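If you want the building blocks of each chain, they are given just below.
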Amino acid sequence: MDGYEVFRRDRQGRRGGGVALYVRECLDCLEFNDGDDRVGCLWVRIRRKANKAGILVGVCYRPPNQDEEADELFYKQLGEVSQSLALVLMGDFNLPDVCCKYNTAERKQSRRFLECVEENFLTQLVREPTREGSLLDLLFANREGLVGDVMVGSRLGHSDHEMIEFSILGEVRRVVSTTATLDFLRADFGLFRSLVDRVPWEAVLKGRGVQEGWTFFRKEILKVQEQAVPMCQKTSWQGRRLVWLNREPWLELRKKRRVTSDRTRGNGLKLCQGRFRLNIRKNFFTERVVKPWNRLHGEGVESPSLEVFKRHVDVVSFGVRKDMV
């Protein structure tokens, strides 16, 4: 392609395959090469003007049958390159069982992949499937606002994968939320009760139908709410991470949480309970089983037989002492 410089890493031992990255010739680039051909990954640093820090762009292809040893080599590379630079990583990872939105996976290798993503503070930005209903092609960034305008579009040539279009921003945008929410921490509940008591409810609701009465009641409560409950801008937990909490102390805190969880409360394979609007859902088996499972100790989760597992469930459910089981 005219006007572009190509960086490529071909797959060894076979014809075809590999990864490539095209960069405009006007940009100052430097390729990082560790010399290990077992990992199909390409790293290119794009330098910026005025002595500003550069952006590291990575392109990866992970074969479906890649072994754990090659995976660990890739995770090691990723940990080394993501410590100091703004990072954008893209590629076909062939992990259809991974759900980055809920941070869940079925297979061991997929769970290890999610751990690596979390350890390096990466955020996955593709939300739509990219091949036959599966989300195989992923896009990661380690800084909020570094990548924008992500779109999954049509296919290129004879490829059976959808294209992913996005923009790498020259300056990291500071994302400011414009969503307003009620700030109940600063609410004046005394004023709220006083204003509600001033309304002669029996007189104003007398003779009104159910729908008309509800509409009037809701309107009055909203008026009181505007006077007694202030508004504030909604912020995300992702934007509240402390400046000093970089990768190294975060990993130590993560190890501490794991040890504490295994020794004092529950196990290391806890289930995550989602939110639901209808109270009737809390009676479903899939919801009722979450808390008892999370209270099980690690030895209960790893029970060698059903009978042993039942004994551990009895300990949690009925408070039976272990020495009596």
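The structure we're discussing is the one just above.
Draft legend 1. Representation of the packing of helix H1 (residues 68-81) against helix H2 (residues 108-119). Remark: H1 packs on H2, axes separated minimally by 11 Å, with the N-to-C direction vectors making an angle of 5 degrees. Judged by the inter-axis angle, H1 sits roughly parallel to H2. Contact with H1, carried on its side by Glu68, Asp71, Glu72, Tyr75 and Leu78, involves Lys108, Gln109, Arg112, Phe113 and Cys116 of H2 and no other residues of that element. Partitioning the contact of H1 with H2 into residue classes produces four nonpolar, one polar and five charged.

Draft legend 2. Fine view of the pattern of salt bridges. With the rule as written, the count across this model stands at 12 salt bridges. Here Glu132 makes a salt bridge to Arg131, at a shortest N to O gap of 3.9 Å. Residue Arg131 is classed as partly exposed on the basis of its relative accessible area, which comes to 26%. For Arg155, the salt bridge identified is with Glu162, shortest N-O distance 3.3 Å. Judged by relative accessible area, which is 25%, Glu162 ranks as partly exposed. Through salt bridges with shared partners, one network takes in Glu72, Arg112 and Glu115.

Draft legend 3. Structural context of the packing of aromatic side chains. Per the counting criterion, the structure on display carries seven aromatic pairs. With 6.0 Å between their ring centres and 65 degrees between their planes, Phe113 and Phe140 make a pair best called edge-to-face. Of this pair, Phe113 sits in helix H2 while Phe140 sits in strand E8 (residues 137-141), placing them 27 residues apart in sequence. Look at Phe113 and you get buried, because its relative accessible area is 3%. Residues Trp201 and Phe217 carry aromatic rings whose centres are separated by 5.4 Å and whose planes lie at 55 degrees to one another, so their mutual orientation is tilted. With Trp201 in helix H4 (residues 201-205) and Phe217 in helix H5 (residues 210-228), the pair connects residues that are 16 residues apart, well separated along the chain. Looking at Phe217, the relative accessible area reads 33%, which means it is partly exposed.

Reading guide: rules and limits
- Residues numbered from 1 in each chain as written.
- Predicted model: local features only at pLDDT ≥ 70, side-chain atom pairs only at ≥ 80, totals over all residues.
- Heavy atoms only, no water.
- Axes fitted to C-alpha atoms, helices over the stretch in contact; angles between N-to-C directions.
- Helix = DSSP H or I, 4+ residues; strand = E, 2+ residues; numbered from the N terminus.
- Parallel < 35°, antiparallel > 145°, perpendicular 65-115°, else oblique.
- Contact = heavy atoms within 4.5 Å.
- Nonpolar A, V, L, I, M, F, W, Y, C, P; charged D, E, K, R; others polar.
- Salt bridge = Lys/Arg side-chain N within 4 Å of Asp/Glu carboxyl O.
- Buried < 20%, exposed > 50% of the residue type's maximum accessible area, 1.4 Å probe, protein only.
- Phe/Tyr/Trp six-rings, centres within 6.5 Å; stacked < 30°, edge-to-face > 60°.

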